[in-house]
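Listed below are the residues making up each chain.
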Amino acid sequence: MRYYSVIAPLALVSLALTAPLAAQSDAPPAMGQYTAVAVPPLGPASDYEWNYTRSDVPVDPAWTFGTLPNGMRYALRHNETPAGTALVRLRIGSGSLEEHDDERGLAHYLEHMAFNGSAKIPEGEMVKLLERKGLAFGADTNASTGFETTTYKLDLPRTDGDMIDTALMLMRETASNLTLSPAAVEREQGVILAEKRDRNTFALRATEDSWQFLTPDARYTQRLPIGIDETIRAADPARLRGFYKRTYVPANTVLIVVGDIDVAKVEAKIRSMFGVWQPSAPPSAKVASPIDTSRKGLSHVYLDPALSERVTVSRLSRWRNEPDTIAQRQQNLLRQVGYAIVNRRLAQLVRTDDPPFRAAGFGSNDLFQSANVTGLTIDTVDGGWQTGLDAAAKVWRQSMIYGFTGAEVAEQVARLRAAQVNAANSQDTRSNAALVNAMENLLRDGLVPSTPQSSLERFEAFAPAITPVNVLAALRQDAAPLDDPLIRFQGRTAPAGGADALRQTWDTAIVAPVAQPEAKDVPQFGYDDFGTPGTVVSDTISPVLGIREIRFANGVRLNLKQTDLQKDRIAFRLSLDGGDLLNTAQEPLTTAMVSTLPLGGLGKHSQDEIESIFAGRTVSLNIQSRGDAFVMDGTTVPEDMSQQLDLLTAAITDPGYRREGEVRYQRSIANFFKQKDATPASALGTSIGGILSNSDPRFSLQPQCAYEALSFHKLRYAIADRLEHGAIELALVGDFDQQAVIAQVARTLGALPARETEFRDSPWLRQRPFTDKRTRHTIYHTGESDQALIGFIWPTVGDRDPAKMAQFELLERIVKIELQDELRERLGKTYSPDVSSSISHLWIDYGTFSLAASVDVKDLDVTRASIAAVLRDLSRKPISSDLLKRARQPLLEDYANALKTNGGWLRLVDRAQTQPELIERFEEMPKRLKAVTHRQLRQTAGEYLTPNAAVEVVVVPAVSTEKSTPSTTEAPNSGDTRPASTAPVAPEIGR
């Protein structure tokens, strides 16, 4: 495992998969009904002992580890972040790599079957049981199958005894008591085939091709977790039971429970319930997956019209067994710094006004403890591969020949130190999810979960040894030399000269002379005086949630909520009047480039300089156009709050508008348009805004040339007035000294010239049309010929009627449950139907209710009829009390837990002064949800969700003789750091 790998030359796929579970009683079946039996021999102790016992890295003593006599392990921890909740994970140490040739896909199939009946839970009742207790399917109840593991997941919204008992009982049933009935196996087949169909995209096919080129004889290349049609269609109870009994054995199982629990009581229950589990046989030996590391000197071209241009240069090397020790961690730190500096240099080239590539990365990974791979990956504009490869090769060679400067190493050490200090300061309020992740790192990679404080102490002791000489030596020792490498090209058009040209370009690049890179000085931040500190003219505390609301003399508003939910962390969000309301029918792309602003730096500093200046500081700069505001948000620490405010204030008063940011935006446009119809979902996403708005330009994807005509010059003209005069509201939530942050805001934002005090609220700007063309709309995609999507969208209501909002929130859950039962469970036509109610606060009286299902093209008619039948029944037949409870309880649990994180608070503190009505609605929503009746829901469904009122959209394959079939060519020798796309995005429904 690599802790420092920035790119993944080999993309390894893990499927996060769900399958409905579905009892007529909330009470779990009685515990203690598991019969004790004799346990057969376990096999080698190393297979089931905790490996932290063999490391000198001290384990965090807050963990409780245990191993049952049958070999099953468990890890437990009390944690109160968030309070009153817990995460439960059952980890089976087998995935698709353990499948025999005639079992390809059975690990995943078995995962699905875990939700289809066991000795104590009738088929179809597990999900219903959990919904009644407040766990939403998908969000709180899930499972995943990967190459090496299968994991079952329950996120518990409460930790009372009944909830814990239910979770443990369900995990115990999964472990060895699944029924695997023939009827259930047969029904699930269609769901799995639907999932496989949906996952068959250009990106997955490209990944599989890259595996076949890099390691053609490796086992993993033939063990994609989703499986193959032949095996899926042939699956029966006998085959599934064979895999089940072979791999689901105690010594191959770990149970993790982290949260607000009584550890001693949970441990006793685990020992009682799981201690009697008898394996049918000792754990089977792991299947070997040898990789030929001598493979080299080959070049390969893979073409697909949906793929942007990428070249990957790779070399395989032997896997090194490096157990987790203090000495090994020190070596890993040196390697991490080396890889980070190489990638920092590549990023610097991206941030020029004529970059040689769109992105590039250098890194190493291990391949299932069978080999290591080192790779240099370069993403370019179409036709730019040669320039990009030359430039990246130069950076790589400079680094490996000349090493690194003291300043470069110091920058990375500062970043590492800041991360270590921040982790140590907040170690007592780490989230349940973070702790579960630490345990999974132990199980997957052997990384001992030590305390952040002890990690910081070890770091500080070793930091003086992190020198340029040591860093270069560690990097050279770890990274395989890219001599006579494997070179792979993917894109839309083959490079001139084909695979031979790739090799020739690389061979020329690695012998070209390279000079030692010049050291660069890091300037001081040029913004530290914004004028006379502002004065507070209003300071009150809201009676509802205790939010402190402050207004400065210049009009800037500050909202404070001090919490102890996460020690030493401050969540912030700055809203500045403007946002999407600046877009008009005449100028619909006014704010399209706003998110690119940070790429243009500041007036006095480029983005790259800013990164160096603030190395070691927990600060960030981003900006988005959202609704009626430009929004900057992130997380900082009290020590860096002042610097964070300096950066935000500088971004408002002196944005850089540098050409390098504009160039990066422009270079993403062509690829976006060439890829936008490559899947049914993306084709729908880029078209639906125009369909629903009668082609209103504000909500419709514009022609490619319109985006290409955008510039920072136009953006400056459009938003300068808002940046200078627009109302500002800043929200801070977390662990801070209130008087200190008030003084810091007074020195920065409060010192600006007087601004508008209110966000503009012009009703004519907040009108959004919904089409009156309630007909079927057909959209064409360029993906697979069997893929289709059908959707229905209805206009509903705005947010002026909170009672109606509650009805639609519940109706969304009910329709989701009913469609899941009909389309997935009964018919097996779709993997996961989507249902959404979106009620806008921005657009007056605007809301939508939408549903969609990905299906086989041949199943469009039956799917349409089934959806119509479900909606018809909702409006005509009584909604059962059980269905209503299953929909309502997860919502109530969501509201009960919403303010147990800083992020949850921020959503309310955000606009507490300018949008106080949102707080009132939040407070009252649980009562309104409880007050909704069966009759109201039936009336609402009958009033709004009628066939004639819907806009129907079908997405089907484009009929074209030029439909892509990926092509490959190969010739013998004659880590992904792609930034988030800033290309145009289609408007979202209902936003």
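Residues numbered from 1 in each chain as written. Predicted model: local features only at pLDDT ≥ 70, side-chain atom pairs only at ≥ 80, totals over all residues. Heavy atoms only, no water.

Observations concerning helix α26 (residues 902–909)
With six of eight residues buried, α26 lies mostly within the body of the structure. For α26, the complete set of buried residues consists of Asn902, Gly904, Trp905, Leu906, Leu908 and Val909. Where α26 is buried, its residues contact β15 (557–562), β16 (570–577), β19 (728–734) and α27 (917–931). (Buried < 20%, exposed > 50% of the residue type's maximum accessible area, 1.4 Å probe, protein only. Helix = DSSP H or I, 4+ residues; strand = E, 2+ residues; numbered from the N terminus. Contact = heavy atoms within 4.5 Å.)

A closer look at the pattern of salt bridges
Taken as a whole, this structure holds 70 salt bridges when the rule is applied. Ionic pairing is found between Glu188 and Arg824, a salt bridge with its closest N-O pair at 3.7 Å. Within this pair, whereas Glu188 is found in helix α4 (residues 182–199), its partner Arg824 is found in helix α23 (residues 802–826), the two being separated by 636 residues in sequence. A salt bridge links Arg776 to Glu952, with the shortest nitrogen-to-oxygen separation between them at 3.1 Å. Of the two residues, Arg776 sits in strand β20 (residues 776–781) while Glu952 sits in strand β24 (residues 951–957), which places them 176 residues apart along the sequence. Each of Arg344, Arg351, Glu411, Arg415, Asp608 and Glu611 takes part in one network of salt bridges that share partners. (Salt bridge = Lys/Arg side-chain N within 4 Å of Asp/Glu carboxyl O.)

Describing the UniProt feature "domain: Peptidase M16 C-terminal" (unreviewed entry) in the protein chain
UniProt's entry tags residues 237–415 and 726–890 with the feature "domain: Peptidase M16 C-terminal" (unreviewed entry), counted in the numbering of this structure. Note that residues 237–415 is 42% helix and 23% strand, and that its end C-alpha atoms are spaced 53 Å apart. End C-alpha atoms of residues 726–890 are separated by 39 Å, and the span's content is 38% helix alongside 23% strand. (UniProt positions renumbered as here; feature names shortened; annotations may be inferred.)

What about unusual backbone geometry?
The step from Thr81 to Pro82 runs through a cis peptide bond, and the omega angle for that step is 0°. For Pro82, the location among the structural elements is in the loop between β3 (73–78) and β4 (86–92).

Let's talk about the nonpolar core
Judged by nonpolar contacts, the single largest core of 56 residues is most densely connected at Trp794, Val815 and Leu851. No other element matches α23, which puts ten residues into this core. A domain-level breakdown of this core finds at least three residues from each of domain 3 (536–751) and domain 4 (776–957). When near neighbours in sequence (up to four residues on either side) are disregarded, Val815 contacts Val835, Phe849, Leu851, Leu871 and Leu874. If you look at the next biggest cluster of nonpolar residues, it comprises 55 residues, including Met593, Phe672, Leu710 and Leu749. (Core = buried A, V, L, I, M, F, W, Y, C linked by side-chain atoms within 4.5 Å. Domains from an automatic or database assignment.)

A look at the packing of α23 against helix α28 (residues 934–944)
Packing of α23 against α28 brings their axes to within 10 Å, and their N-to-C directions diverge by 85°. The orientation of α23 with respect to α28, classified from their angle, is roughly perpendicular. Side by side, α23 and α28 meet where Lys804, Gln807, Phe808, Leu810, Leu811 and Ile814 of the first sit next to Gln936, Leu937, Thr940, Ala941, Glu943 and Tyr944 of the second. Considering only residue class, the contact of α23 with α28 consists of seven nonpolar, three polar and two charged. (Axes fitted to C-alpha atoms, helices over the stretch in contact; angles between N-to-C directions. Parallel < 35°, antiparallel > 145°, perpendicular 65-115°, else oblique. Nonpolar A, V, L, I, M, F, W, Y, C, P; charged D, E, K, R; others polar.)

Here we look at the domain arrangement of the protein chain
Think of interface size as the accessible area that goes away when the parts come together; that is how it is often given. Partitioning the protein chain into structural domains gives domain 1 (51–275), domain 2 (299–429 + 441–510), domain 3 (536–751) and domain 4 (776–957). Here the C-alpha centre of domain 4 lies 30 Å away from the C-alpha centre of domain 3. The interface of domain 3 with domain 4 comprises 40 residues on the first partner and 31 residues on the second. Summing the contributions of domain 3 and of domain 4, the shared interface buries around 3,000 Å²; its carbon and sulfur component is 69%. Among the salt bridges present, the one from Glu729 reaches Arg911, with a minimum N-O distance of 3.5 Å. Taken together, domain 3 and domain 4 are joined by 14 residue pairs in polar contact (both at pLDDT 80 or more). Counting residues per element, the ones that place at least two in the side of domain 3 that touches domain 4 are β14 (548–552), β15, β16, α19 (680–692) and β19. A per-element tally of the side of domain 3 that touches domain 4 places α19 first, with eight residues. In the side of domain 3 that touches domain 4, the residues fall into 23 nonpolar, eight polar and nine charged. (Buried area = accessible area lost by both parts, 1.4 Å probe. Polar contact = N/O pair within 3.5 Å; in protein donor to acceptor, adjacent residues only side chain to side chain.)

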